[in-house]
Amino acid sequence: MPKSTRKDASVSRRAFLRKGATAGVGATALAGLGGRTQEAEAQNFWDMSADLVTIGAGTAGLAAAVSALDHGASVIMVEENTDIGGHGLCSGGNVHLGGGTSNQKKHGVEDSADQVFIDWIRHDHMQSRYSDRDLVRAFADENAATYEFLIENGVKFQDHLVGPTQASRVRRQQRTIQWPVASERVTHHPTRVGSGLVRALEKSARAQGAEVLLRHKMTSIVRESPSSGRVLGITATHDGRTVNIRANKGVLVATGGSTSNVTLRRTFDPRLTEEYQVAGEPWSRQSGDGELAAMAVGASLWGTANQTCEQGIAISKTRHIGCQWGYSSLIWQTDSRIFDLARASGLTVIDWQDLILVNQTGRRFWNEVDARYDFFAAAMAWSGDENKLNGGGPIWAIFDQDAVEREEWDPRPPNVDPDYFFQADTLAELAAAIKNPYQTLSMSGATLEETVARYNSFVDLGEDEDFDKPTPRYKIERPPFYAAWSTPILHDSLTGLRTNTKAQVIDMRGQVIPGLYCAGESQGGFAQHGLGRCLVFGRIAGRDAAVNGGIA
Ligand SMILES: Cc1cc2nc3c(=O)[nH]c(=O)nc-3n(C[C@H](O)[C@H](O)[C@H](O)COP(=O)(O)OP(=O)(O)OC[C@H]3O[C@@H](n4cnc5c(N)ncnc54)[C@H](O)[C@@H]3O)c2cc1C
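Just so it is clear, the structure is predicted and the values come from calculations on it, not from any experiment.

Turning our eyes to something else, we now look at the site of the ligand. Near the ligand there are 37 residues, and of these Glu79, Ser287, Asp289, Glu521 and Leu531 occur at the shortest range. Within the backbone of alanine 60, one N or O atom sits 2.8 Å away from an oxygen atom of the ligand. Here an oxygen atom of the ligand and a backbone polar atom of glycine 93 are 3.3 Å apart. Burial of the ligand by the protein amounts to 98% of the accessible area it has alone, namely 1000 Å². Counting residues per element, the shell around the ligand draws most heavily on helix H5 (residues 86–90), which supplies 4 residues. Grouping the constituent residues of the shell around the ligand by class yields 10 nonpolar, 20 polar and 7 charged.

Here is the structure:
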């Protein structure tokens, strides 16, 4: 059973400090030692070591860990959260893998690696148009084997096959079965079955000797010198203490992408300012930490056009309104162990005819029943705030008591969050009541009254003269009136670090950074949504680190 090694972290840290280093220097100082790495090693810098260190114990990190262990390597997983799983744990568990899997054969679907490749380099589909075709080739060749790898490691699937979805032209989507242990799920909703994927991989990894360090936040990647030499390990913090972890064969960046990092996500789309929340939060962050730490040691980004390919659900309409995180398929119910963080479940919208959507000035901006990227562009258009030119500001659903009754909503906590939901007897009072951390302007009562009066006239007319909402159906006229947070929510990171087909990270000069890998949503070059590509490249990275040790 492969084993990581560990010594008393506090002792080794003290030893390092005793030998002349300044407190707080950590990894940067080690990088600054340049060719004197041996000296630093002799100074007992490292607190623990393993062959592979994964930064993140989510979907890609777990696949890499199991794969590395299968090939005889020892593994330490460094995870900032209180539990493993990342977005994978609250995901819908729809796994997009084909190429001739046993499940496809069982369901009579003909497929091959070549067909996966052809589908995912399509020029006529926006999710494949900007793909790095070398990465797609590797993805295609490893598709079927990755599915069988999941089965071998205890992942159970429902007996079906769905599709074609995304750029695929044959059925490739299967769904996991929910993990049976309720205390090991973060949501019990019957559609959140991704727990069955990540828990099975965790079980397999732990059984093979992986060490999982929870509440350990990676703060930097340690390289021999800032822009050359091998990646040696990482620095993390845990309970205010620094922990230096040596990676003998490789460090894997698997921190889940960058959508939770406002500065980094705006590198790819400047509109994505702070008001846009992220699906999967407040459970886990797509922190961008892995990308930034890798870039600090010379890594390059790749395939950034994918982030704005305007296909799929990278930006998504909220479906549960009046709460901070209302991503369509994820309801934070009161029985979730993180409900104290989520604070409200939201009011689930059945019919978008029941409300209008206004920006922070109180004006409608688009047809409410639409959910295409034109809708998001309008929601993110300048709202008129001279002090906030980027981002569209909050979007509010405005409706009346009749809508509440038609939708059968109970507009009280815990269904709604008092910071994200407001109610008043008049529209003017409602506008004045809207106070929210992201509302940068005071909404004018007169503007909201005018907006609603105009919309009500469209209901009489049977036609939306402003935005072409198909046959506006209901007037907003019976108090009380309500305003519920409905700001679009971010979902996928579709760009990230440049890697080669072995998932080795590439630097700004096109050279492999020895000892550094990346997989999952932190990896750039491929705009497929979700679990499939994270699992494939995680598995590739773990195997390559174990077998080739991060050598170019
Ligand atoms: C609600 C929801 C539903 C989804 N449904 C599906 C679906 O049905 N099908 C599908 O294909 N995809 C789905 N997805 C997407 C899928 O879950 C993700 O694409 C996938 O989990 C990403 O894997 P990852 O390893 O890159 O990131 P994650 O699984 O998010 O793992 C990243 C991990 O890194 C950790 N981390 C971040 N920063 C640090 C740091 N500094 N130090 C240490 N650890 C750190 C995080 O805490 C996290 O645990 C869904 C996502 C969500 C949110």
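What follows is about the layout of surface pockets. By volume, the second largest pocket is sized at about 190 Å³. Together, Arg363, Arg364, Thr447, Glu450, Thr451, Arg454, Tyr455, Phe458, Asp466 and Phe467 line the second largest pocket. A class-by-class count of the residues in the lining of the second largest pocket yields 3 nonpolar, 2 polar and 5 charged.

What follows is about the state of the cysteines. All told, the structure shown has 0 disulfides when counted by the stated rule. Unpaired in terms of disulfides, cysteine 309 finds its nearest cysteine sulfur in cysteine 534, a separation of 15 Å. Classification of cysteine 309 as buried rests on a relative accessible area of 2%. Left unpaired, cysteine 534 is separated from the closest cysteine sulfur, that of cysteine 518, by 9.7 Å.

This next bit is on the domain arrangement of the protein chain. Domain annotation for the protein chain reports domain 1 (86–211 + 254–311 + 491–510 + 528–537) and domain 2 (315–490). In this structure, domain 1 and domain 2 have C-alpha centres spaced 31 Å apart. Taken together, the contacts link 33 residues of domain 1 with 31 residues of domain 2. In total, domain 1 and domain 2 occlude about 2700 Å² of area from one another, counting both sides; carbon and sulfur atoms represent 60% of this. Ranking the residues of domain 1 by area buried against domain 2 places Tyr276, Gln277 and Pro282 at the top, with a combined share of 25%. Inspection of the domain 1/domain 2 interface yields 2 salt bridges. Linking lysine 388 and glutamate 275 is a salt bridge whose minimum nitrogen-to-oxygen distance equals 3.1 Å. Run the count over domain 1 and domain 2 and you get 15 residue pairs in polar contact (both at pLDDT 80 or more). When residues of the side of domain 1 that touches domain 2 are traced back to their parent elements, those giving at least two are H5, helix H11 (262–268) and strand S10 (277–278). Residues that form the side of domain 1 that touches domain 2 fall into these classes: 10 nonpolar, 11 polar and 12 charged.

Take the environment of aspartate 410 next. Locating aspartate 410 in the fold gives a position in the loop between helix H15 (401–407) and strand S17 (421–424). Assessed through its relative accessible area of 32%, aspartate 410 is described here as partly exposed. When sequence neighbours within four positions are dropped, the list of residues in contact with aspartate 410 reads Leu347 and Asn415.

On to unusual backbone geometry, then. The step from glutamate 281 to proline 282 runs through a cis peptide bond, and the omega angle for that step is 5 degrees. Tracing the backbone shows proline 282 in the loop between S10 and helix H12 (289–296). Following proline 479, the chain continues to proline 480 via a peptide bond in cis, the omega torsion being 0 degrees. The backbone of aspartate 239 shows a phi angle near 50 degrees, a positive value even though the residue is not glycine. Following the sequence through the fold, aspartate 239 ends up in the loop between strand S8 (228–238) and strand S9 (241–253). The phi dihedral of arginine 343 is positive, around 75 degrees, even though this residue is not glycine. Looking at where arginine 343 falls in the secondary structure, it is placed in the loop between helix H13 (339–342) and strand S14 (347–348). Taking relative accessible area as the criterion, arginine 343 reaches 34% and is therefore assigned partly exposed.

Turning our attention to the nonpolar core. Residues Val75, Leu150, Leu201, Leu252, Trp332, Leu535 and Phe537 are the most contacted members of the largest nonpolar core, which totals 65 residues. Per element, the largest residue contribution to this core is 9 residues, and it comes from helix H18 (residues 531–548). There are two domains that each give this core at least three residues, and those are domain 1 (86–211 + 254–311 + 491–510 + 528–537) and domain 2 (315–490). Among all residues touching leucine 150, those that are not within four sequence positions of it are Val95, Leu97, Val155, Phe157, Leu197, Leu201 and Leu535.

Each value, and the rule that gives it
- Counting of residues starts from 1 at the beginning of each chain's written sequence and follows it residue by residue.
- Selection of residues for local features in this predicted model requires a pLDDT of at least 70, selection of side-chain atom pairs for listing and counting requires 80 or more, and totals for whole chains, interfaces and linings are taken over all residues.
- Calculation of side-chain values draws on the structure's entire complement of heavy atoms; hydrogens and water are dropped beforehand.
- Put simply, a residue is near a molecule or strand once any heavy atom of it comes within 4 Å of that molecule or strand.
- Polar contact criterion, stated in full: a pair of N or O atoms within 3.5 Å, where within protein one must be able to donate a hydrogen and the other to accept it, and residues adjacent in sequence count only if both atoms are side-chain atoms.
- Surface accessibility in these figures is a Shrake-Rupley result with a 1.4 Å probe; residues are shielded only by whichever protein chains are displayed.
- By definition, any uninterrupted DSSP run of H or I lasting at least four residues is a helix, any uninterrupted run of E lasting at least two residues is a strand, and each is numbered from the N terminus.
- For this scheme, ten residues count as nonpolar: Ala, Val, Leu, Ile, Met, Phe, Trp, Tyr, Cys and Pro. Four count as charged, namely Asp, Glu, Lys and Arg, and the remainder, Gly too, count as polar.
- The definitions used throughout rest on a 1 Å grid laid over the protein atoms alone, on which a cavity is an enclosed set of points accommodating a 1.4 Å probe that cannot get out and a pocket is an open set flanked by protein within 12 Å on both sides along at least five of seven lines; lining residues are those having an atom within 4 Å of a point.
- Grid points are joined across faces, edges and corners, and a volume is the space filled by probe spheres set on the points.
- Sulfur atoms of two cysteines make up a disulfide when they are within 2.5 Å.
- Three labels apply to residues, based on accessible area from a 1.4 Å probe with only protein chains included: buried if under 20% of the type maximum, exposed if over 50%, partly exposed otherwise in between.
- As annotated, the domain borders come from an automatic or database domain assignment.
- It only takes one pair of heavy atoms within 4.5 Å for two residues to be counted as in contact.
- By buried area we mean how much accessible surface two parts lose on assembly, using a 1.4 Å probe and totalling the loss over both.
- Each reported salt bridge corresponds to a side-chain nitrogen of Lys or Arg within 4 Å of a carboxyl oxygen of Asp or Glu.
- Put simply, buried Ala, Val, Leu, Ile, Met, Phe, Trp, Tyr and Cys residues joined by side-chain atoms within 4.5 Å make one nonpolar core.

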